[in-house]
Structure formats: structure tokens, C-alpha cells
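# Examining the three-dimensional arrangement
So the chains spell out like this:
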Amino acid sequence: MNWFDRCICLALAGLVATFGLTVGGASSAFAGENNYGKVGDPIHLVVGYQPYYTESWSGVVMLPMKFYEKYLPKGSTVEFSIGLQGAVIVNAMLAGKQDIGYMGDMPAIVSTTKQNVADLRIVATAGLGVDQCNNFLVRNDAPKFADQKEAIKWLDGKRVAVPKGACADRFAQAVFKKMGVEPAAYLNQNIEVITSGFRAGKIDAAVIWEPTASRLVLEGLAKRVASGTAVNEHDGAFIVMRDDLIKSRPDVVKAWLNAELDAELYMADPKNADSVAKMVKAQTTGFSEKVLWTSLYGSYPEALGGSPVRLQLPYAITPEASELITKAASFLYSVKSINTPTLRADAVMPEFTEAILKERGLKSPVGLIKALPASAYKGQ
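Residues numbered from 1 in each chain as written. Predicted model: local features only at pLDDT ≥ 70, side-chain atom pairs only at ≥ 80, totals over all residues. Heavy atoms only, no water.

Broken down by element type, the chain carries 15 helices and 12 strands. Since a compact globule built from 380 residues should have a radius of gyration of about 21 Å, the 20 Å found for the chain is in line with a globular shape. Considering the chain as a whole, with its 380 residues, one finds that 58% of them fall into the buried category. For the chain, the share of sequence-separated contacts (at least 6 apart) that also reach a separation of at least 24 residues comes to 82%. For the chain, the exposed area adds up to about 15300 Å²; of that, 55% sits on carbon and sulfur atoms. (Helix = DSSP H or I, 4+ residues; strand = E, 2+ residues; numbered from the N terminus. Rg over C-alpha atoms; globule rule 2.2 N^0.38 Å. Buried < 20%, exposed > 50% of the residue type's maximum accessible area, 1.4 Å probe, protein only. Contact = heavy atoms within 4.5 Å. Areas by Shrake-Rupley, 256 points an atom, 1.4 Å probe, with all protein chains shown as cover.)

Right under this line is the structure:
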């Protein structure tokens, strides 16, 4: 059992303890639909989001900017709930305690395969990149490498840590397979253990996501040496909704996704870079404003996996996003995290974002967040 399914089981066990349910009866108990009222009624939404995952920061922007107030029925309210991992948000959505979730590609895909608990659907793309989840870091005393491929080859026979089952795990395994690299140890470690491992010199390398990758680099605990640009591997974040919300409140689905479009357009404007970093700083702990800014807007040399575009904002479920979903689902099946190599046809619903883009005269991608020089940062 991988880390994601352990999270699911722990969450279900906690709910069983709370409500006196048997594990065998959990699916029928949680399969009930939430009552979201009639079209046009005020609604209360609970939104799970991840300020500790840079690629899904449109949810972070949404909280203070309140773009949704322009679109939701008058009198509606929204509660935001932080998830330290995507699995935490999925758990809450399966239990009917959250209605909309912002999460990485892996938990988003897994969420759509738990229909025996609740029906969840992917409805929009929050971001696509090559170096948001896909980052190789090495210990500070590692050699200076000529390029990314030399750095990755150096990992052969080394101790490499990664949170297994996450997007970083998929990326690392894909790279190792393509380049014939076999680490001496491939360790399943969370972000905290990876951080302490670099500090204590217990690991040679790790594969992790932003903003933690930038924090470790800027704090001098590790060096960045490669990213998804080395082998053309992408990462992504998606928006997931409960199907009972989709079916009963198409007005709310349209409203929220219009607000999401506004949030992505806001993020794409380089004039808002410092403001976005400040918003994230207010919703996180343990990260400086400069680290947060760097994780989304900062530039890295091409030899270290730098890309001129830090984040693409497709908004829609584009062919590129669909390809990522397909590839990630195949990986999850291979590690026995899901029971099917391909998702059911209605697990991904692109029609909502496509219709909104047409109505507003826009095309995907709605924005590109381009890498900026360090001198562009004007914050604290």
C-alpha cells in the first residue's frame, strides 16, 4: 500500500471511529449525495487548496481576491481549507466535507477512481510546468556538472529520496528509466525528512516540488541540478469537484470556473508577482516571501533545468494536460495505487472550461508565467 492509499485508509478509519461505521459499510455510508440546493440559491462551499504546492496557487490567489463573489449567487459564502498534501483534500471531498479541491496531478487522478466512496471529477487545469514538481536537488558538496544529463547520471549508485506515490516519484522513475540510472537506495521520505537528510548529509539527492525546492536551494541546504526539461517530462495541478455539485448546481460550477479564470489571468500578469508572493506568505509558515516568489517567478540557468516559462496556465483540459493525466494514470496503476490503467471516460470533464473560454473570447493557455531575473523581486 502506497502513501496515498495509507492516507485514504487513515481518513476512513478516523471517520469510522467518529460515526461508529464498519469499514465494510464505509462505501455505502459515504456514497450519499450532498444537498446543494436549487439552481440560483445561495450556497456555502468548502474549498480545499494547497498553498504549499506552487503549481496550484490560483486557489491561494482566490482567497484574498474573492473573484468568486462576482459570479456566485448573492448571499453565497466560501470557506477555504488548507491541505498539506493533495491526499488530505481528496479525503475531505470523499467524505463530503469539501466540495472543490485544488491538487496535483497524482491525487487528482486517484480521486476519480474512488467512486465506491464518492464520485469526483477533474474539471479544470490549474497549471502545467516542467519544474514545479519535477526538480532534482543534490547535496552541496556534489561535483559541478556540465549539464542536466551529467547530473542525473551521477545519481547512479547514490542515495535518492522522494515522497513515493507523488508527482516527484513518477518523474524520478521516468527519468531513471529513460537514462538507465539505478540509485543504490530509493528512499520513501516526506519533505521534512528530506530536509533533515540534506542537513545531516544522509542523502545524496532528492526529487521534490516547489516551493520547498526553492527553499532548500536559497537556504543553502542543497543544489538544484536538473528538472523536467532534461527529458521533456511535465507536471501539473488540477481542480476537482464533487459530481453531485456538478449535477445539481451547474450555475455554481460555471461561477467558480469563471472566478478561476480570473485568478489565472491575475497570476499571469508579471505586475502582480510580488502581490502573489505576499498572498502566499500570509497563508503559509516556514517560507520567506523571497523563496515563494522564486518558486513561481524566479529564473534558473538552462544547465540547471531552467525554463523561460515557469508555469503555463491552460485553464482548460488541453491535449497536453490530457497526455499528462494518461501518463500519470498509467504510472499509478503500475504502482498499484489505482485499479485501472486508464480513467473512465467521464472522470475528466473538459466541457465547462471550453464553454467559458468561448463565452469570454479567450483561448488556452490563458497565460504564461515567464521566469524573471532576481532583480525583478522588490519584496522583503
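Moving on: the layout of surface pockets. Quantified by volume, the largest pocket comes out at close to 610 Å³. Lining the largest pocket are 25 residues, with Leu84, Gln85, Ile191, Glu192 and Trp209 positioned closest to its centre. Elements that contribute at least two residues to the lining of the largest pocket include exactly helix 1 (3-19), helix 5 (105-111), helix 8 (191-200) and helix 9 (212-218). Class assignment of the residues belonging to the lining of the largest pocket gives a composition of 13 nonpolar, eight polar and four charged. Considered as a void within the structure, the second largest pocket measures approximately 240 Å³ in volume. What lines the second largest pocket is Arg170, Gln173, Ala174, Lys177, Lys178, Glu233, Lys327, Ser330, Phe331 and Ser334. Counted by class, the lining of the second largest pocket contains two nonpolar, three polar and five charged residues. (1 Å grid on protein atoms, 1.4 Å probe; cavity = no way out; pocket = protein on both sides within 12 Å on 5 of 7 lines; lining within 4 Å. Points joined across faces, edges and corners; volume = space filled by probe spheres on them. Nonpolar A, V, L, I, M, F, W, Y, C, P; charged D, E, K, R; others polar.)

Let us look at the sheet that holds strand 6 (residues 159-162). Taken in spatial order, the five strands make up an open sheet running 7-6-8-5-9, and their pairing is mixed. Of all strands in the sheet, those bounded by a partner on one side alone are strand 7 (185-188) and strand 9 (223-227). Averaged over all adjacent pairs, the angle separating strand axes in this sheet is 25°, with direction ignored. Judged from the four bridges that link them, strand 5 (residues 135-138) and strand 8 (residues 205-208) form a sheet pairing that is antiparallel. Residue pairing across strands places Leu137 opposite Ala206, the latter belonging to strand 8. (Pairing = 2+ DSSP bridges. Axes fitted to C-alpha atoms, helices over the stretch in contact; angles between N-to-C directions.)

Right, let's get into the packing of aromatic side chains. According to the stated counting rule, one finds 12 aromatic pairs in the structure shown. Ring geometry for Tyr52 against Phe287: centres 5.9 Å apart, planes inclined by 50°, an arrangement best described as tilted. Placement of the pair is Tyr52 in the loop between strand 1 (44-49) and helix 3 (58-65) and Phe287 in the loop between helix 12 (273-282) and helix 13 (289-297), with a sequence separation of 235 residues. Here the aromatic rings of Tyr68 and Phe80 are separated by 6.1 Å at their centres, their planes lie at 45°, and the arrangement is tilted. With Tyr68 in the loop between helix 3 and strand 2 (77-82) and Phe80 in strand 2, this residue pair connects regions lying 12 residues apart in the sequence. Phe80 carries the same exposure label as Tyr68, and that label is buried. Each residue in the set Tyr49, Tyr68, Phe80 and Trp256 is aromatic and connected to the rest through ring pairs, giving one cluster. We note Arg224 situated over the ring of Tyr300; from NZ or CZ to the ring centre the distance is 4.0 Å. (Phe/Tyr/Trp six-rings, centres within 6.5 Å; stacked < 30°, edge-to-face > 60°. Lys NZ or Arg CZ within 6 Å of the ring centre and 35° of its normal.)

So, about the side chain of Thr54. Among the secondary structure elements, Thr54 is positioned in the loop between strand 1 and helix 3. Here Ser295 takes part through its side chain, which lies 3.1 Å from a polar atom of the side chain of Thr54. In this view, Thr54 contacts Gln132, Glu210, Pro211, Ser295 and Leu296; residues no more than four positions away in its chain are not counted. (Polar contact = N/O pair within 3.5 Å; in protein donor to acceptor, adjacent residues only side chain to side chain.)

The contact between helix 12 and helix 13 brings their axes to 9 Å, and the two run at 125°. For the element pair helix 12 / helix 13, the angle class is oblique. The handedness of the crossing between helix 12 and helix 13 comes out as right-handed. Between helix 12 and helix 13, the contacting residues are Ala273, Asp274, Val276, Ala277, Lys278, Val280 and Lys281 on the first element and Glu289, Leu292, Trp293, Leu296 and Tyr297 on the second. In the contact of helix 12 with helix 13, the residues fall into eight nonpolar, no polar and four charged. (Parallel < 35°, antiparallel > 145°, perpendicular 65-115°, else oblique. Left-handed = near helix turned anticlockwise from the far one by under 90°.)

Scanning all chains against the criterion turns up 22 salt bridges. Two residues, Asp119 and Arg344, come together in a salt bridge whose shortest N-O distance is 2.7 Å. Pair noted here: Asp119 is in the loop between helix 5 and strand 4 (120-129) and Arg344 is in the loop between helix 14 (319-334) and helix 15 (351-359), with a separation of 225 residues, a long-range link. Overall, Asp119 belongs to the partly exposed group, its relative accessible area being 23%. Here Lys278 and Glu289 are joined by a salt bridge, their closest N and O atoms 3.4 Å apart. Of this pair, Lys278 sits in helix 12 while Glu289 sits in helix 13; the two residues are 11 residues apart in sequence, bridging distant segments of the chain. (Salt bridge = Lys/Arg side-chain N within 4 Å of Asp/Glu carboxyl O.)

As a further point, take the side chain of Arg310. Mapped onto the elements of the fold, Arg310 is located in strand 11 (residues 309-313). According to the relative accessible area criterion, Arg310 is buried, its value standing at 1%.

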